Amino acid sequence: MQRTDTANPAWFHKVVDCQWACPAHTPVPEYIRLIAQGRYDDAYMINWASNVFPGVLGRTCDRPCEPACRRGRVEENNGAHPEPVAICRLKRVAADMKGAVKSRMPAVAAKNGKRVACVGAGPASLTVARDLAPLGYDVTVFDGEARAGGFIRSQIPRFRLPESVIDEETGYILDLGVTFKSGQRIDSMKALLAENYDAVFVGCGAPRGRDLDVPGRKEAAANIHIGIDWLASVSFGHITSIGKRVIVLGGGNTAMDCCRSSKRLGGADVKVIVRSGFEEMKASPWEKEDAMHEGIPIINYHVPKTFVHENGKLTGMTFEIVRAEYDAKGRRSLVPTGEPDAFFPCDDVLVAVGQENAFPWIERDCGIEFDQWGLPKLGAETHQSTVAKVFFGGDAAFGPKNIITAVAHGHEAAVSIDRFLHGEDVRQRPAPMTNLVSQKMGIHEWSYDNDTSNDARFKVPWAKAEMALASIKVEVELGFDAATAFKEAERCLNCDVQTVFTESACIECDACVDICPTDCLTITKNGDETDLRTRLTAPSRHLEQGLYVSGELKTGRIMAKDEDVCLHCGLCAERCPTGAWDMQKFRLDTTKAGSACRNGAQVKVREEVAA
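Colleague: Is there a simple way to think about the overall build of the protein chain in this case?
Modeller: Counting secondary structure elements, the protein chain contains 22 helices and 24 strands. On C-alpha atoms alone, the protein chain measures out to a radius of gyration of 26 Å, which is about the 25 Å that the 2.2 N^0.38 rule sets for 611 residues. Projected onto its principal axes, the C-alpha positions of the protein chain cover 85 × 65 × 50 Å. Looking at the protein chain as a whole, 56% of its 611 residues qualify as buried. Restricting the contact set of the protein chain to residue pairs at least 6 apart, pairs at least 24 apart contribute 72%. A total of about 25,600 Å² of accessible surface is found on the protein chain, and carbon and sulfur atoms cover 51% of it. The distance from the centre of the 73 positive side-chain charges to the centre of the 83 negative ones in the protein chain is 2 Å.

Shown next as structure tokens:
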């Protein structure tokens, strides 16, 4: 293998698994250390720069960082049940325990004469506004609702996300000089383009829920509701009750919100019924756990067959019972078991079987091209449409995802808009800003806490069930207190503090190999990767994480390090008699809109094919 190119920012970035997995690339270990130090304001602002909505995401994020967390892999290798650091809940700690941070928000530059319209006031549009308004752009956000937030406000129940948190964090952005035109739904792209905005960003989400066309749907329509529309009506107070017996169809997070909301609005017998297997449901594992914790059963491998009604009054549903079969290529098909159809009585049905993009307001002759799925044709990273000054992000760009992905889209689109309005090629993407700083504070001391905690993941306390289920506005999760937050933060392995090796100083004494608690170091002869992995001191189980390979040592051998299970404890560097190993803190900040993203800064061209 060739010597690892650690000058490539992606190498050490990928070692910080949580940051690598986060669509917005939030510097997770950095803010967790600040929480452990009680520096909540600083931890909040690091989050705010990357993910814009720390309080919202600390309660509702899909947490792509947590399955990636090295802590889970290390515990798994020790035979324990893998438990990642509670990254999302620690984010909430920073939001809940911070002081007044308004004065730390960016100063707003003088207006630069450029006007940008954002359609929709959801997370993608608000991220674009957050990035562009401080630069002097005149940003106007249009939304059909009275308050900003988009689906954060309309589709996430208050028992998961209090409205005060939404108001606070959307307010930070609108207070940057953004013009918010509430109650103004855009119904014509042509008309908007005629207003001569210099750029338009479309972040209107995926506002249409999929329906279910089975017999009885039209006749019993009065008690069959589309999930996302029903959640919005609940959120805005238009619906305050539901029938005693409720069936929720679908296996995603929207279905989990529907069933838990139903339980709080009078549903005594609420069940979720899905056509897939339990493990195949799209809902996050903790969303399913929360629903079952509240006594809501999830019935799988049931395919909806009919809505049963009497003179138009819904009385129940019938389902065909199926099983999963897989062919030689692993493709699944659902095969009827031959059992009699199952009947479940109900008073109301909530259909949460997916969402679709809907752009009836974008005229098909305005120049914006769409693909066969009804999505705009965009540059994969630029978010630019076939009309050069129109950009898309969030669910409106590539279909329904989640809040943190929408935020990431907003940052990328803001870079594109900034470059576009400076006459620069939007395909040139700015490199991230990175650095490495040694953590030495003497021969055997580091400036970070490298004592690995053996604690299991701490549980987040819940409100008492009788209170939580009595009102849809009572927040269920109470969050960590300061003491528990400190102990959970101590579980972080500081994956951004990298082990950096200098082969010219190595005397091949094997001291580092001997002391490594996970046996991730090996001094051996070189070879191709497949061969080398068979000769490592410890088995190399996760091939997606690369091997850190040195140049040739004095004996002709190489130092190979399996990054996958390194604890970043620094024992190798403490034991090394020549200082060949050092612990250096790596920091990667994605470059946002502004002077750093434009020509003159370091950028690279990526050829793109329209989606």
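Still more to cover.
Colleague: Is there a simple way to explain the sheet that holds strand S18 (residues 433-438) in this structure?
Modeller: Two pairing modes exist for strands in a sheet, parallel and antiparallel, and in both the strands are linked by backbone hydrogen bonds. Strand order in the open sheet formed by 3 strands is S18-S23-S19, with antiparallel pairing between adjacent strands. For this open sheet the edge positions go to S18 and strand S19 (497-501), each flanked by a neighbour on one side alone. Averaged over all neighbouring strand pairs, the angle between strand axes comes to 40°, with direction disregarded. Pairing analysis gives 6 bridges linking S18 to strand S23 (residues 581-589), with the strands arranged antiparallel. Opposite Met-433, over in S23, you have Asp-589 as the bridge partner.

Colleague: I'm lost on the domain arrangement of the protein chain in this one. Help?
Modeller: Accessible area lost on assembly of the parts is the figure often given for the size of an interface. According to the domain assignment, the protein chain consists of domain 1 (105-206 + 357-420) and domain 2 (209-353). For domain 1 and domain 2, the distance between their C-alpha centroids amounts to 32 Å. The interface is formed by 10 residues belonging to domain 1 together with 10 residues belonging to domain 2. The junction of domain 1 with domain 2 conceals about 900 Å² of combined surface from both sides, 52% of it contributed by carbon and sulfur atoms. Run the count over domain 1 and domain 2 and you get 2 salt bridges. Residues Asp-257 and Arg-160 are paired through a salt bridge, measuring 2.8 Å at the closest nitrogen-oxygen approach.

Colleague: Can you help me understand the confidence of the model for the protein chain in this one?
Modeller: Caution applies to low-pLDDT parts of the model: their predicted coordinates are not meant to be read in detail. Mean pLDDT for the protein chain: 93, with 97% of residues reaching 70 or above. Within the model, pLDDT remains below 50 along residues 603-611, and this stretch shows 26 contacts once partners closer than five positions in the same chain are excluded.

Colleague: For this particular structure, what's the right way to read the layout of surface pockets?
Modeller: Empty space among the atoms can be located by rolling a probe the size of a water molecule over them. Looking at the largest pocket, its volume works out to about 1,200 Å³. Considering the residues around the largest pocket, the lining is formed by 49 residues, among which Gly-252, Asn-253, Thr-254, Lys-282 and Gly-354 are closest to the centre. If you list the elements that add at least two residues to the lining of the largest pocket, you get helix H5 (54-60), helix H13 (227-235), helix H14 (253-264), strand S10 (302-310) and helix H17 (403-420). Domain assignment of the residues forming the lining of the largest pocket places at least three in each of domain 1 (105-206 + 357-420) and domain 2 (209-353).

Colleague: Would you explain unusual backbone geometry in this entry?
Modeller: Only a minority of non-glycine residues have a phi that is not negative, and only a minority of peptide bonds are not trans. Backbone geometry at Asp-519 places phi at a positive 55°, although glycine is not the residue there. Within the fold, Asp-519 resides in the loop between helix H20 (511-515) and strand S20 (521-524). Looking at Asp-519, the relative accessible area reads 34%, which means it is partly exposed. The phi dihedral of His-568 falls on the positive side, at around 55°, and the residue is not glycine.

Reading guide: rules and limits
Numbers given to residues run from 1 along each chain, matching the order in which its sequence is written. Two thresholds apply to this predicted model, a pLDDT of at least 70 for residue-level local features and 80 or more for giving and counting side-chain atom pairs, whereas whole-chain, interface and lining totals are computed over all residues. Side-chain numbers here rest on the full set of heavy atoms in the structure, without hydrogens or water. Counting from the N terminus, the helices are the DSSP runs of H or I reaching at least four residues and the strands are the DSSP runs of E reaching at least two. Each radius of gyration reported is based on C-alpha atoms, and the globular scaling rule is 2.2 Å times the count of residues to the power 0.38. Throughout this description, buried means an accessible area under 20% of the type-specific maximum (1.4 Å probe, protein chains only), exposed means over 50%, and partly exposed covers the range between. The criterion used for residue contact is that any of the two residues' heavy atoms lie within 4.5 Å. A 1.4 Å probe and the Shrake-Rupley method give the accessible areas. Residues count as covered only by the protein chains that appear here. When charges are tallied, Lys and Arg are placed among the positive residues and Asp and Glu among the negative ones, while His and the ends of the chain are skipped. Charge positions are represented by NZ for Lys, CZ for Arg, CG for Asp and CD for Glu. Two strands pair under a simple rule: DSSP has to find at least two bridges between them. For helices, the axis comes from a line fit to the C-alpha atoms of the stretch in contact; other axes are also lines fit to C-alpha atoms, and the angle between any two N-to-C directions lies between 0 and 180 degrees. Each domain's extent was defined by an automatic or database domain assignment. The term buried area means the drop in 1.4 Å probe accessible area that two parts suffer when joined, counted for both and summed. Every case where a carboxyl oxygen of Asp or Glu lies within 4 Å of a side-chain nitrogen of Lys or Arg is listed as a salt bridge. Note: pLDDT gives the predictor's confidence per residue, expressed from 0 to 100. Using a 1 Å grid laid over the protein atoms alone, points where a 1.4 Å probe fits but cannot get out form a cavity; open sets with protein on both sides within 12 Å along at least 5 of 7 lines form a pocket; any residue with an atom within 4 Å of a point counts as lining. Grid points are joined across faces, edges and corners, and a volume is the space filled by probe spheres set on the points.

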